[in-house]
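# A look at the structure
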Amino acid sequence: MPPSTSGLNAAALALVATRIVAALFSPENVLKRDQLLSTPLSSYTQLREGIFLFKHNIDPYSGGTFRHSPLLLALFSTILPNSRTFASLLWTAFDLLGAWALVSIWRARQNVSHTSRDILVAASYLLNPYVFLPTLALSSSSFQSSLTLLSVKYAAEGNASLALFLLAILLHIDLSTFILLPPVLLLLITGPRSHLASPHALAANLLRIIPHFSRYLLYTGILAIVSTSITGGTRWISQTWGATLTLPDLTPNTGLWWYFFTEMFDHFRPFFLMVFTLHLSIYAIPMCIKFQYDPLYATFLLLGVLGTFKAYPTLSDPGLFLSALALFPEVYPYLRHQMVTALLHLHAALLMPLFNYLWLSTGTGNANFFYASTLVFACANGAALIDAIWAGLRIAIGEEKEGYMVVQE
Amino acid sequence: MHALRTAVLKFKQRFKPKQNATITRLKRRKAAVSLFTRHLTHLMIILLAVGYLWLLILPSSRLGRGTYMDENALQPAQVNTYWNWGDVNAADRYLEQLESLRDSNATSHQRSQFLKNEFLKLGLASATQKYSFISNQGDIHGSNAYAILASPRGPRNEAMVISASWLSRSGEGNGTLNLRGVSTVLALARFLQNYSLWAKDIIFVISDGYLDGMHAWLKVYHETQQSNLDAEPLELASGVIWTALNIDYPGHSFSHLGLFFEGLNGRLPNQDLLNSVQRIARYTGQVPVTVYDHLDWRDSSKQSSEPSFLPSSLRHNSEVKEFTYRARNLIRNFGYQAKGRASGVHGLYHQFRIDAITIFAVPATGPHGFHALGRIVESSLRTMNNLLERLHASFFFYLLTTPDRFMKIGNYLPSAVLISVAMIFRGLRCWVDAGWKLNQRIKDDGDSSSDVITWTRRKRHVLHVLTIMLVTHSLGAAIFLSIQSSLFLNNQMFFVPLITLATSLVPFVISRVSDPRDEGSAPIWLVLKALNLCSASTVISTITVLNFSLAALLAVTLGLSLSFSGPSHSKLLSLTKYILYVFLALGWLFFYVETREAIWQWEILSVWFAPFVCLVYTPLLLQAGTVCILSS
């Protein structure tokens, strides 16, 4: 028996209420300095500093600290008031928007107006600690997650202009999201419906992405012009996009880049920066080719790639990937090692704050401790990603027959 | 010729794959996996056995290595000391005045005023600080006195502390006074300002009470808020404190100096500090050093501490004596560290990243007194004065088995980790068992019948099990909140049985209320057991780096007990097991004094042992108990 609509509404209300209460009573002052929850590119403190400088007619990009996009600067210098409570509520509202987008994607994929599973999908986003802790820390990465989901939502619903516009904004906030462009373009010319169990070659004409692509370029260009006119110069390019490519700030985070580049000799730095950036982008096209029959799944997998390998990740990046897993219940029976992945995540989630504390607060540990725990985290994310790829491919083969074995070679 | 050709052919045959290479590889992989799973039980037993044995042989003299100085800047025991009999005389005069204060039953305010005046007479900047803690177990009021010797040759942004508490650590602050410790600090203040070689400020703190006074002083010095602390702000300030020495001298003379080093929540100071003081005491002061107040078996003429069940030939064996001596030291260490208690006033410094130890003058009839102690402290201060950066070179994770031997983290950590690995293997085994069902049917093909084994998938009700786990943890939180109330603390005898009874009923309700088990899904208890073991193992392995003693204690109590949970065929046996688990989970409530102490430590000093027991340990065992009474 499907649960009644009123019951579902009550559950949804309870979810929203939980999040609002959490937002009102969260210790932001402790959380906003947490290195797991915000990076130099997404930290609330730095955003406030940038706004302060901006309002006092000092170019915030002339120093070395402010690395948020001019779009965020313009947005928040108009709407961000001094009240902490309002900021917390605003960030929670972004999350609610993200959850709504996730549910819409789920409905679009199922091609129904509502399902009994909607509330589970929403809960998987709103109650995911990786997602809501950065929100409580007022990190702009949760803003980014919501934008990603909204963009994918409009792409799944066929609303090309909004999807591409949001994706262009996303590119301005975080350069590494350019790898989401190919699957979103594919999604626009095919559709969000699940074809994982019945793979087929791309039915639509690939040339149809060209107008979409040019539109995307146009939006990006316009936004770049807007950014330049907001700040009155092009210095923002090296401070925001440049930061993603050249890694000037080595503040520790959950990703794999910072430690590697602290240890790096300076004359190898450009080469390895190129290797790391290329490595990130190398996944986009193969994923799209392999999952050309289901670009939504390719988008999902690329979110996992971003969460594992991007330059300045926070917990909300892998959190977005894990929450998006709720969109694909058809692959669950084919996941091979959910328990191992879950345990790896549990270990990493406990070890990362612990080792960060031992290194930076008590001084009994050192950087290697924290780095080791981020490696555990990378293993956890990698395990989840690999399992998701396997399950997405495996589902096409169907039930295993007696005496046969399905392997990946 | 022919023979050679056949040999070559045979040789070729041997290395030519008989089948498709992929199939061979798959078969090999399958064989490896099945070998692993077949022997998994043995592997777990081996891991558990090795882990427990490792814990048992930790005190062995064959493990570990000698301590050594790591920070070259320290240069311990390399200076001439100037502390002399005149200073001893000054200390004696101070002692007389303090004794008259004691005999006149001076209030803590009068005491601190006296101390402040004495410091002022010496020409030092001095002040007092009143404080009060509000607690359900009675409020605490007191007054600290402190003085600052400004560094004659430094920028005054770094400092070291010499402190003594009014109450001695012997008897954990039960009223033994630390008069000689206080007079040592006063005499040192008089003596040290005659020298211009101090590159750091020296702060002299005479804290009131045992732990409370110093806690209040440090909290205010570092400007951290504590809701139940009301303390005056400090009038005098200095720089960042790097190191601190706490002097505890309760007797009238001493034979050994005992080193106390465990801090709050299992923190240890950098080993270089211990090693410096140990070397200085030995070479400059010529005083033997011990760990805690345990005298080395070679030194103590008293009766031996070896267990009496050993035959006397073994008891007098030097190897056994050495082992018992080290075991006593380790057990003392585990006792402090696992409970997160500080073994002395020094333990309060560690939370502010200050390396500190207590030098404890082990009471005896001789031969040492102020003369030796003053020289040792003077030389230690010279060593600490040499520091150019925080102590960082030596170890922060170690087990000190004797004053000059220790174990590195790699030598002791694996013991607890191996046990936790065995638990996680067991948990994963249960998880796999829960997911698959064995179907055995007889296949009859005409002339012969054979067993055909097939495996089918079953559904695991993970969400349901997670709810059960959430309920037990909330129950732990409820217990934690209730035992902090003054109502509970005043009527412990009445409430403890009540809480125990109420808590032990909840798993019964859980097991009755819902069993969503439909045909062909995994039994709830198996899934619960799997998740219970996995989470317990995760807790143990993460705690090892934070507080090894606590992790070892958890490994000992949970390692075997959680692995053996599960419903039995007979109802009675299941119930007995359940009662055992509840006893393990809640038995600690019946140690009234210990419970009160743990709550006090949480309220005043933020020692997280009490919340940890309530929120993690008890729920884990309650889950194991629930596993036993769920229907199989």
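So, how was this worked out
Residues numbered from 1 in each chain as written. Chains lettered and ligands numbered in written order. Predicted model: local features only at pLDDT ≥ 70, side-chain atom pairs only at ≥ 80, totals over all residues. Heavy atoms only, no water. UniProt positions renumbered as here; feature names shortened; annotations may be inferred. Helix = DSSP H or I, 4+ residues; strand = E, 2+ residues; numbered from the N terminus. Rg over C-alpha atoms; globule rule 2.2 N^0.38 Å. Buried < 20%, exposed > 50% of the residue type's maximum accessible area, 1.4 Å probe, protein only. Areas by Shrake-Rupley, 256 points an atom, 1.4 Å probe, with all protein chains shown as cover. Lys, Arg positive; Asp, Glu negative; His and termini not counted. Charge placed at Lys NZ, Arg CZ, Asp CG, Glu CD. Expected span 1.5 Å × (residues − 1). Bend = angle between axes of the 7 residues up to and from the residue. Domains from an automatic or database assignment. Contact = heavy atoms within 4.5 Å. Buried area = accessible area lost by both parts, 1.4 Å probe. Salt bridge = Lys/Arg side-chain N within 4 Å of Asp/Glu carboxyl O. Polar contact = N/O pair within 3.5 Å; in protein donor to acceptor, adjacent residues only side chain to side chain. Pairing = 2+ DSSP bridges. Axes fitted to C-alpha atoms, helices over the stretch in contact; angles between N-to-C directions. Phe/Tyr/Trp six-rings, centres within 6.5 Å; stacked < 30°, edge-to-face > 60°. Lys NZ or Arg CZ within 6 Å of the ring centre and 35° of its normal. Disulfide = S-S within 2.5 Å. Parallel < 35°, antiparallel > 145°, perpendicular 65-115°, else oblique. Nonpolar A, V, L, I, M, F, W, Y, C, P; charged D, E, K, R; others polar. Patch = residues over 30% accessible without salt bridge, like charges linked within 9 Å, V, L, I, M, F, W, Y side chains within 5 Å. pLDDT = per-residue confidence, 0-100. Core = buried A, V, L, I, M, F, W, Y, C linked by side-chain atoms within 4.5 Å.

Looking at an unreviewed UniProt entry, one finds chain B named Gaa1-domain-containing protein and attributed to Agaricus bisporus var. burnettii.

As annotated in an unreviewed UniProt entry, chain A is PIG-U-domain-containing protein from Agaricus bisporus var. burnettii. Regarding chain A, the UniProt comment filed under Subcellular location (unreviewed entry) reads as follows: "Endoplasmic reticulum membrane". The heading Pathway (unreviewed entry) in the UniProt record of chain A holds the text "Glycolipid biosynthesis; glycosylphosphatidylinositol-anchor biosynthesis."

When helices and strands are tallied, chain A shows 19 helices and zero strands. By the compact-globule yardstick of 22 Å for 409 residues, chain A fits well, its C-alpha radius of gyration being 21 Å. When each of the 409 residues of chain A is scored for burial, the buried share is 55%. Total accessible area on chain A is roughly 17000 Å²; 68% of this is exposed by carbon and sulfur atoms. With 21 positive and 19 negative side-chain charges, chain A shows a spacing of 7 Å between the two charge centroids.

Residue and element names in this part refer to chain B. Taking 1.5 Å per residue as the helical rise, helix α17 (residues 548-563) with its 16 residues ought to reach 22 Å, and the 21 Å between its terminal C-alpha atoms agrees with that figure. Ala 555 marks the point of greatest bend in α17, at about 30°. For α17, the buried fraction is high: 12 of the 16 residues fall into the buried class. All of the buried residues in α17 are Phe 548, Ser 549, Leu 550, Ala 551, Ala 552, Leu 554, Ala 555, Leu 558, Gly 559, Ser 561, Leu 562 and Ser 563.

The next point concerns the domain arrangement of chain B. Residue and element names in this part refer to chain B. Segmenting chain B into domains produces domain 1 (1-35), domain 2 (39-59 + 413-629) and domain 3 (68-403). Of the residues lining the interface, 29 residues belong to domain 2; the matching set on domain 3 comes to 28 residues. When domain 2 packs against domain 3, close to 2400 Å² is buried across both sides, 56% of that on carbon and sulfur atoms. If you sort the residues of domain 2 by the area they bury against domain 3, Pro 59, Ile 604 and Leu 605 come out on top, with a joint share of 26%. Run the count over domain 2 and domain 3 and you get two salt bridges. Measuring nitrogen to oxygen at the nearest pair gives 3.6 Å for the salt bridge that ties Glu 594 to Arg 341. Along the contact surface separating domain 2 from domain 3 lie 10 residue pairs in polar contact (both at pLDDT 80 or more). Every element with two or more residues in the side of domain 2 that touches domain 3 is listed here: α14 (486-490), α16 (524-546), α17 and α19 (592-605). Here the side of domain 2 that touches domain 3 gets 10 residues from one element, more than from any other, and that element is α19.

This part takes up the interface of chain A and chain B. Facing the 22 residues of chain A at the interface are 22 residues of chain B. In total, about 2000 Å² of surface goes out of reach between chain A and chain B, with carbon and sulfur atoms giving 72% of it. Linking chain A with chain B are zero salt bridges, by the criterion used here. Connecting chain A to chain B are two residue pairs in polar contact (both at pLDDT 80 or more).

So, on to the sheet that holds strand β9 (residues 289-291) of chain B. All names here are of chain B. Strand order in the open sheet formed by nine strands is β6-β2-β3-β5-β4-β7-β10-β8-β9, and the pairing between neighbours is mixed. In the strand order of this sheet, the two ends are held by β6 (229-231) and β9, each with one partner. Adjacent strand axes in the sheet meet at a mean angle of 25°, parallel and antiparallel pairs treated alike. Summarising the sheet, strand β7 (residues 240-248) and strand β10 (residues 355-363) pair through six bridges and their orientation is parallel. Counted as the bridge partner of Asp 248 is Phe 360 from β10. Packed onto the sheet, helix α5 (residues 108-121) meets β2 (125-133), β3 (140-149) and β5 (201-207) and runs at close to 5° relative to β3. The sheet contacts of helix α11 (residues 370-385) involve β4 (158-165), β7, β8 (254-260) and β10, and relative to β7 the element is tilted by about 170°.

Applying the stated rule across the entire model yields 22 salt bridges over all chains. The closest approach of N and O atoms between B:Glu594 and B:Lys339, which form a salt bridge, is 3.6 Å. With B:Glu594 in helix α19 and B:Lys339 in the loop between α10 (318-338) and β10, this residue pair connects regions lying 255 residues apart in the sequence. When its relative accessible area of 37% is taken as the criterion, B:Glu594 is described as partly exposed. Within this structure, A:Arg109, A:Asp294 and A:Glu330 form a network of salt bridges that share partners.

This next bit is on the packing of aromatic side chains. The relation between two aromatic rings is expressed through the spacing of the ring centres and the mutual angle of the planes. Across all of its chains, the model carries 55 aromatic pairs over all chains by this definition. A cation over an aromatic ring shows up here: A:Arg336 above the ring of A:Trp390, its NZ or CZ 3.9 Å from the ring centre. In this structure, B:Arg169 is placed above the aromatic ring of B:Phe360, and the distance from its NZ or CZ to the ring centre is 5.2 Å.

A few words now on the state of the cysteines. If you walk through the whole model with that rule in mind, you get zero disulfides over all chains. In this structure B:Cys534 is a free cysteine whose sulfur lies 8.4 Å from that of B:Cys430, the closest cysteine sulfur available.

Here the phi dihedral of A:Leu138 falls at roughly 55°; this positive angle occurs in a residue that is not glycine. With a phi angle near 45°, B:Gln75 is a residue other than glycine that sits in the positive phi range. Relative to the helices and strands, B:Gln75 is located in the loop between β1 (65-66) and α4 (85-103). When its relative accessible area of 42% is taken as the criterion, B:Gln75 is described as partly exposed.

All names here are of chain B. Two elements in contact, α10 and α17, have axes separated by 7 Å at closest approach and are oriented at 95°. The angle between α10 and α17 places the two elements in the roughly perpendicular class. Of α17, the residues touching α10 (which contributes Asn 333, Phe 334, Gln 337 and Ala 338) are Phe 548, Ser 549, Leu 550, Ala 552 and Leu 553. Each residue belonging to the contact of α10 with α17 can be placed in one class, and the counts come to six nonpolar, three polar and no charged.

All names here are of chain B. Mapped onto this structure's residue numbering, the UniProt feature "transmembrane region" (unreviewed entry) falls at residues 35-57, 412-432, 462-481, 493-510, 546-566, 578-595 and 607-630. Across residues 462-481, the secondary structure splits into 100% helix and 0% strand, with the terminal C-alpha atoms separated by 28 Å. The distance from the first to the last C-alpha atom of residues 607-630 is 36 Å, and the span holds 88% helix and 0% strand.

What follows concerns a nonpolar patch on the surface. Residue and element names in this part refer to chain A. On the surface, a cluster of nonpolar side chains totalling about 450 Å² of accessible area is made up of Ile 20, Val 21, Leu 24, Phe 25 and Leu 89. Among the elements that take part in the nonpolar patch, helix α1 (residues 5-24) stands out by supplying three residues, more than any other. Looking at the secondary structure, you find Phe 25 in the loop between α1 and α2 (28-31). A relative accessible area of 69% means that Phe 25 is categorised as exposed.

What follows covers the confidence of the model for chain B. Across chain B, pLDDT averages 89, with 95% of residues at or above 70. This prediction of the complex comes with two scores: 0.91 for pTM and 0.89 for ipTM.

What follows covers the pairing of β3(B). Residue and element names in this part refer to chain B. Where burial is concerned, most of β3 is hidden: nine out of the 10 residues are buried. As paired strands, β2 and β3 are joined by nine bridges and run antiparallel to one another. Paired with Thr 128 across the bridge in β3 is Ala 145. The loop that links β2 with its antiparallel partner β3 comprises six residues; one of these, Gly 138, has a positive phi angle of about 105°.

Let us look at the nonpolar core. Grouped together as the largest cluster of nonpolar side chains are 188 residues, with contacts concentrated most on B:Ile162, B:Phe204 and B:Trp217. Per-element accounting of this core gives the leading share, 13 residues, to helix α20 (residues 609-629) of chain B. When we break this core down by domain, the ones giving at least three residues each are domain 2 (39-59 + 413-629) and domain 3 (68-403) of chain B. Filtering out sequence-adjacent residues up to four positions away, B:Trp217 remains in contact with B:Gln129, B:Asn144, B:Tyr146, B:Ile203, B:Val205, B:Leu234 and B:Ile241. Core analysis: the next-biggest nonpolar cluster, separate from the first, contains 88 residues, A:Ala101, A:Ala108, A:Tyr154 and A:Phe328 among them.

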